[in-house]
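So you can see what is in the structure, the chains are spelled out below.
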Amino acid sequence: MTRTPSRSGAAAPDPVTAPGDAEARRYEHRLLLVLFAAFGFVFFDRQALTFLAPFISDDFHLSHTALGVLSGVLALTWALSGLVCGRLADRYGRRPVLIAAVVLFSCFSAVGGLMTGFAGLLIARALMGLAEGAVLPLAQSLMVEASREHRRGLNMGLLQGSSAGLLGGIVAPLAVVWIAEHHTWRTAFLVTIVPGLMIAVWIARSVRERPPVSVLPDVSDATVPEEAAPPLREVLREVLAHRNIVLCALAACFYLTWFTVIITFTPTYLEDEKGFSPSTMSHVMTCFGVAWVLWGFLTPAVSDRIGRRGALIAFTVVAALCPLAVVYVDDPVLLGGVVVLSYTGLGCFTLIMATIPAESVPRRTLTVALGLVMGVGELAGGFIGPLVAGLASDVWGLDAAMFISCGGAVAVVLLAVGLRETAPAVLRRRGTDTGPAHDATPVAASEGAL
């Protein structure tokens with residue numbers, strides 16, 4: 001949808017340059033900060049198990065397969081939650097569902113520290129994933145509505161990539177390993193409830209159901225009445241008519257395989273295969289977090305300028321090298337440096353799980369589309385991926401897990417070739433319609449439908 005010129009020939013004013021611009025900018029920045037903390041803490045809790053795995057294994061005598069099951073069950077319930085959270089948000093509103101999700105996952109994370117065996121910990125992780133799965137689709141749908149066009153990729157990258165990297169990749173390994181070494185791994189789980197509840201209060205005080213001035217043309221101040229919401233089957237059919245959604249869902253399966261396998265098995269690999277001490281392991285894992293923060297916002301920001309598809313392909317090729325570095329680089333300092341340069345995939349996560357889907361579907365199907373892509377990806381890549389990698393590692397050694405991770409990234413590159421470009425700046429340079437897809441009907445076959 002192109003802008004309608006005025007009688008003088010000038011373009012119609014952009015929503016973010018309207019009189020409410022100052023308030024909209026303040027809200028955009030405040031919303032980014034709140035949701036950055038919320039999703040970052042989701043990954044703090046999610047990654048805590050990974051970094052505490054060597055300590056928990058000493059108590060529960062976990063095999064590689066069991067470790068994969070603990071990681072996979074959270075991804076399974078995360079996926080199921082992501083698939084239904086859109087409908088809950090339609091009924092009750094995104095803000096209250098988001099608050100409830102943050103409170104619940106914080107409580108279930110702490111409960112994990114009270115478990116005395118594998119089965120209890122498995123149940124706690126499953127319940128935690130059920131609560132956590134709602135956070136990302138709701139947060140990204142709130143963020144995309146409040147983001148100015150030229151900051152859309154950057155904001156969504158900071159929210160999904162950099163937040164998880166900072167809290168889940170840098171703070172988590174340092175904090176939880178230190179607590180486990182000086183107290184117990186149980187204490188490391190128990191203390192997570194405090195910041196989670198504080199973030200829930202912050203969301204309640206700061207987040208609105210609708211932004212003061214939306215950059216999307218079909219967002220009104222009122223929520224759509226429940227009776228006006230179309231059946232889920234109709235919504236899914238409309239969403240799946242877009243080729244980009246199908247390709248993003250498939251790419252999410254393989255990218256989550258890349259991510260969950262490397263992040264789940266690398267701490268054990270570094271200690272068991274390379275003989276690193278727990279302290280050295282935690283410092284190397286912190287390098288993953290540094291790269292996570294760096295590329296989490298750089299990759300989407302670059303995609304705002306060069307295009308989503310090209311950035312996704314280029315940075316995923318680099319990401320495929322990261323698990324190979326874990327296998328073949330023995331010096332911890334050199335390995336840390338290589339990880340910082342090659343762990344680029346988390347910025348690509350934002351593109352395939354948020355930005356490209358958000359720019360490909362109408363606003364009325366946005367939350368369902370984001371939940372679908374995330375849910376399918378978590379189910380296949382987050383749940384099945386670590387299970388397969390764990391079984392393979394028990395049979396052939398932990399090297400197998402790293403090669404599976406590498407293969408996941410290679411598959412994403414092949415899928416990304418078929419994506420249609422959605423970056424507004426790139427489409428504008430090409431002279432293509434730059435209007436957001438949110439007010440359009442599903443594209444026809446000649447326009448990119450599957």
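Residues numbered from 1 in each chain as written. Predicted model: local features only at pLDDT ≥ 70, side-chain atom pairs only at ≥ 80, totals over all residues. Heavy atoms only, no water.

Next up on the list: the pattern of salt bridges. Under the counting rule described, the total for this entry stands at three salt bridges. A salt bridge links Asp-304 to Arg-308, with the shortest nitrogen-to-oxygen separation between them at 2.6 Å. An identical accessibility class is assigned to Asp-304 and Arg-308; each is buried. In this structure, Glu-359 engages Arg-308 in a salt bridge whose closest nitrogen and oxygen atoms are separated by 2.6 Å. Residue Glu-359 is found in the loop between helix H15 (345–358) and helix H16 (366–396), and its partner Arg-308 is found in helix H12 (residues 308–319); the two are separated by 51 residues along the sequence. For the residue pair Glu-359 and Arg-308, the accessibility class agrees, reading buried in each case. Taken together, the shared-partner salt bridges in this structure form one network comprising Asp-304, Arg-308 and Glu-359. (Salt bridge = Lys/Arg side-chain N within 4 Å of Asp/Glu carboxyl O. Buried < 20%, exposed > 50% of the residue type's maximum accessible area, 1.4 Å probe, protein only. Helix = DSSP H or I, 4+ residues; strand = E, 2+ residues; numbered from the N terminus.)

On to the confidence of the model for the protein chain. Of all residues in the protein chain, 85% attain a pLDDT of 70 or more, and the chain-wide mean is 79. Averaged over each element, pLDDT in the protein chain is lowest for helix H2 (residues 64–92) (76) and highest for helix H13 (residues 322–328) (95). The model gives residues 216–227 a pLDDT under 50, and that stretch makes 21 contacts with residues more than four places away or in other chains. Ignoring residues within four places in sequence, the model shows residues 436–450, a span with pLDDT below 50, making 41 contacts including any to other chains. (pLDDT = per-residue confidence, 0-100. Contact = heavy atoms within 4.5 Å.)

A word on the packing of helix H1 (residues 21–60) against helix H3 (residues 94–111). Packing of H1 against H3 leaves a shortest axis separation of 11 Å and a crossing angle of 30°. Taken together, H1 and H3 sit at an angle that is classed as roughly parallel. Along this stretch, H1 crosses H3, giving a crossing that reads as left-handed. Of H3, the residues touching H1 (which contributes Leu-35, Ala-38, Phe-41, Val-42 and Asp-45) are Leu-98, Phe-105, Ser-106 and Ser-109. Considered class by class, the residues forming the contact of H1 with H3 number six nonpolar, two polar and one charged. (Axes fitted to C-alpha atoms, helices over the stretch in contact; angles between N-to-C directions. Parallel < 35°, antiparallel > 145°, perpendicular 65-115°, else oblique. Left-handed = near helix turned anticlockwise from the far one by under 90°. Nonpolar A, V, L, I, M, F, W, Y, C, P; charged D, E, K, R; others polar.)

For H12, which comprises twelve residues, the first-to-last C-alpha distance of 16 Å matches the rise-based estimate of 16 Å (1.5 Å per residue) to within 8%. Turning to H12, its buried residues are Arg-308, Ala-311, Leu-312, Phe-315, Thr-316 and Ala-319. Buried residues of H12 fall within an arc of 120° about the axis and therefore sit on the same side. (Expected span 1.5 Å × (residues − 1). Arc of directions from axis to C-beta.)

A few words on a nonpolar patch on the surface. Nonpolar side chains collect at one region of the surface, where Leu-80, Ile-123, Leu-127 and Leu-130 lie side by side and expose about 350 Å² of accessible area between them. The greatest single-element share of the nonpolar patch, amounting to three residues, is contributed by helix H4 (residues 118–132). Topologically, Leu-127 is positioned in helix H4. A residue is classified by how much of its surface remains accessible, and Leu-127, at 35% relative accessible area, is partly exposed. (Patch = residues over 30% accessible without salt bridge, like charges linked within 9 Å, V, L, I, M, F, W, Y side chains within 5 Å. Areas by Shrake-Rupley, 256 points an atom, 1.4 Å probe, with all protein chains shown as cover.)

On to the environment of Leu-31, then. Position of Leu-31 relative to the elements: it lies in helix H1. Sequence-distant contacts of Leu-31, that is, excluding residues within four places in its chain, are made with Leu-142, Met-143, Ala-146 and Val-207.

Moving on to the nonpolar core. Ranked by internal contacts, the top residues of the largest apolar core, which has 130 residues, are Phe-259, Phe-288 and Tyr-343. A total of 21 residues in this core trace back to one element, the largest contributor, which is H1. With residues up to four places along the chain from it excluded, the contact list for Phe-288 reads Ile-262, Ile-263, Thr-266, Cys-322, Val-326, Val-339 and Tyr-343. (Core = buried A, V, L, I, M, F, W, Y, C linked by side-chain atoms within 4.5 Å.)

Looking at where Glu-132 falls in the secondary structure, it is placed in helix H4. Apart from the residues within four sequence positions on either side, Glu-132 is in contact with Val-42, Asp-45, Arg-46, Leu-74, Trp-78 and Phe-105.

Under the criterion given, the structure shown has 15 aromatic pairs. Look at Phe-60 and Trp-185: their rings are 5.6 Å apart centre to centre, the planes differ by 80°, and that puts the pair in the edge-to-face class. Of the two residues, Phe-60 is situated in helix H1 and Trp-185 in helix H7 (residues 185–190); the sequence distance between them amounts to 125 residues. On the basis of relative accessibility, which here comes to 15%, the residue Phe-60 falls in the buried class. An aromatic cluster is built from Phe-39, Phe-43, Tyr-255, Trp-258, Phe-259, Phe-288, Trp-292, Tyr-343 and Phe-349, whose rings are joined through pairwise contacts. We note Arg-208 situated over the ring of Tyr-27; from NZ or CZ to the ring centre the distance is 5.4 Å. (Phe/Tyr/Trp six-rings, centres within 6.5 Å; stacked < 30°, edge-to-face > 60°. Lys NZ or Arg CZ within 6 Å of the ring centre and 35° of its normal.)

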